[in-house]
Amino acid sequence: MAKESLIMKALREDYVSMSLDIENTCKKTDILLKIYRKVSWSAKESFDELNEITYESCMSATEHLCYLLNFAPDKELGVFERRAVSAMQTRVLVELIERAAVKLKEYPDNGSVYYSIIELKYLGYFHYTEGEILEQLNMERSNYYRKHREAKMLMGYVLFGLIMPDYVNEKQQSGATKMRLSCD
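Residue positions are counted from 1 within each chain, in the order its sequence is given. With pLDDT at 70 or above as the cut-off, local features in this predicted model cover only qualifying residues; side-chain atom pairs require 80 or more to be listed or tallied, and sums for whole chains, interfaces and linings still use all residues. The side-chain values count all of the structure's non-hydrogen atoms but skip hydrogen atoms and water molecules.

**Observations concerning the overall build of the chain**
Tallying secondary structure elements over the chain gives seven helices and zero strands in all. Numbering goes from the N terminus for both helices and strands, where a helix is a DSSP run of H or I of at least four residues and a strand is a run of E of at least two. Going from the N terminus to the C terminus, the chain shows its helices and strands as α-α-α-α-α-α-α. Across the 184 residues in the chain, those meeting the buried criterion constitute 33%. Throughout, a residue-residue contact means that at least one pair of heavy atoms, one from each residue, lies within 4.5 Å. Across the chain, the fraction of contacts at a sequence separation of at least 24, relative to all contacts at a separation of at least 6, is 68%. Just so you have it, the chain exposes about 12200 Å², and 55% of that area is on carbon and sulfur atoms. Exposure is judged per residue with a 1.4 Å probe applied to protein chains only, and the accessible area is read against the type maximum: over 50% gives exposed, under 20% gives buried, and values in between give partly exposed. To measure how exposed things are, a 1.4 Å probe is used in the Shrake-Rupley method; for residues, cover is taken only from the protein chains shown.

Rendered as structure tokens:
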């Protein structure tokens, strides 16, 4: 049985200290990374379609949006609203993954290597084969698999332990600020 690396041991301790379930977090991270490229593309397409809907007439963007919100039939408005909400949720998810990747790159021990692995395997526009990734990273297969596992585990920790909690706190604080301003 292979010995666990020092990074993996440290990450396990970090997961415990943040009360994160290692297996569950790693599974969620794996799923998010595997769908990222398609979701990112889909989000761009959704925003392009929404822009087309709101800008296609000769009215200004504000006038057209006002029309949709105030005078459009309920069915048309409902479809637009659902698509807009879905696009915004997707956009937030993509941005959180991208923030986590940037934070991953800043990790002091091999952060740039972990970032490169995640970028080439999941986040980049092009889908590289394993051989192409190994060649670009100038890495042996066994070393790549070890670093890949560490990168995904670290990405999960950063995403679910640091980035998402910060995002939730930001939203709660901005919501509290809005509540205070509206009560004044």
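Once the structure has been displayed, the description carries forward.
**Some words on the nonpolar core**
The definition of a nonpolar core used throughout is a set of buried Ala, Val, Leu, Ile, Met, Phe, Trp, Tyr and Cys residues joined through side-chain atoms within 4.5 Å. Of all hydrophobic cores here, the largest spans 31 residues; its most connected members are I97, I118, L123, L154, M155, Y157 and L159. For this core, the secondary structure elements donating two or more residues are α1 (6–17), α2 (22–55), α4 (74–105), α5 (111–123) and α7 (141–183). Looking at which element gives the most residues to this core, the answer is α7, with ten residues. L120, L134, L137 and M139 belong to the second largest nonpolar core, which has seven residues in total.

**Observations regarding the pattern of salt bridges**
Between Lys or Arg on one side and Asp or Glu on the other, a salt bridge is scored when a side-chain nitrogen of the former is within 4 Å of a carboxyl oxygen of the latter. Tallied over the entire structure, the rule returns seven salt bridges. Across the pair D30 and K34 runs a salt bridge, and its minimum N-O distance is 3.0 Å. Residue D30 and its partner K34 are both found in helix α2; the two are separated by four residues, about one turn of the helix. Overall, K34 belongs to the exposed group, its relative accessible area being 56%. The partner of K152 in a salt bridge is D30, and the shortest N-O contact between them spans 2.7 Å.

**Overview of the packing of aromatic side chains**
Only Phe, Tyr and Trp rings take part, Trp by its six-membered ring, and two of them pair if their centres are within 6.5 Å. Stacked means planes under 30 degrees apart, edge-to-face means over 60, and tilted covers everything else. Inspection of the entire model under this criterion finds four aromatic pairs. To sit over a ring, a charge needs its Lys NZ or Arg CZ within 6 Å of the ring centre and within 35 degrees of the ring normal. Taking NZ or CZ as reference, K28 lies 4.8 Å from the ring centre of F160, over its face.

**What about the packing of α5 against helix α6 (residues 130–137)?**
Where α5 meets α6, the closest approach of the two axes is 10 Å, and the angle between their N-to-C directions is 150°. Taken together, the axis directions place α5 and α6 in an arrangement best described as roughly antiparallel. For the pair α5 and α6, the sense of crossing is right-handed. Contact residues: S116, I117, L120 and K121 in α5; I133, Q136 and L137 in α6. Taken together, the residues that form the contact of α5 with α6 break down as four nonpolar, two polar and one charged. To obtain an axis, a line is fitted to C-alpha atoms, over the contacting stretch when the element is a helix, and the angle between two such axes runs from 0 to 180 degrees between their N-to-C directions. We call two directions roughly parallel when the angle between them is under 35 degrees, roughly antiparallel when it is over 145, roughly perpendicular when it lies between 65 and 115, and oblique otherwise. Each crossing is labelled by how the near helix is turned from the far one, with a counterclockwise turn of less than a right angle marking it left-handed and a clockwise turn marking it right-handed. Side-chain classes are defined by residue name, with Ala, Val, Leu, Ile, Met, Phe, Trp, Tyr, Cys and Pro counting as nonpolar, Asp, Glu, Lys and Arg as charged, and the others, Gly among them, as polar.

**A word on α1**
Multiplying 1.5 Å by the helix residue count minus one yields the expected span of that helix. Compared with an ideal rise of 1.5 Å per residue, which puts twelve residues at 16 Å, α1 spans 17 Å between its outermost C-alpha atoms and is within 8% of the ideal. Turning to α1, its buried residues are I7, M8, L11 and Y15. With its buried residues spanning 95° around the axis, α1 presents them on a single face. Among the exposed residues of α1, those oriented more than 90 degrees off its buried face are L6, E13, V16 and S17. S19 sits one or two positions beyond α1 and adopts a positive phi of about 60°. The arc in question is the one traced by the directions running from the helix axis out to the C-beta atoms.

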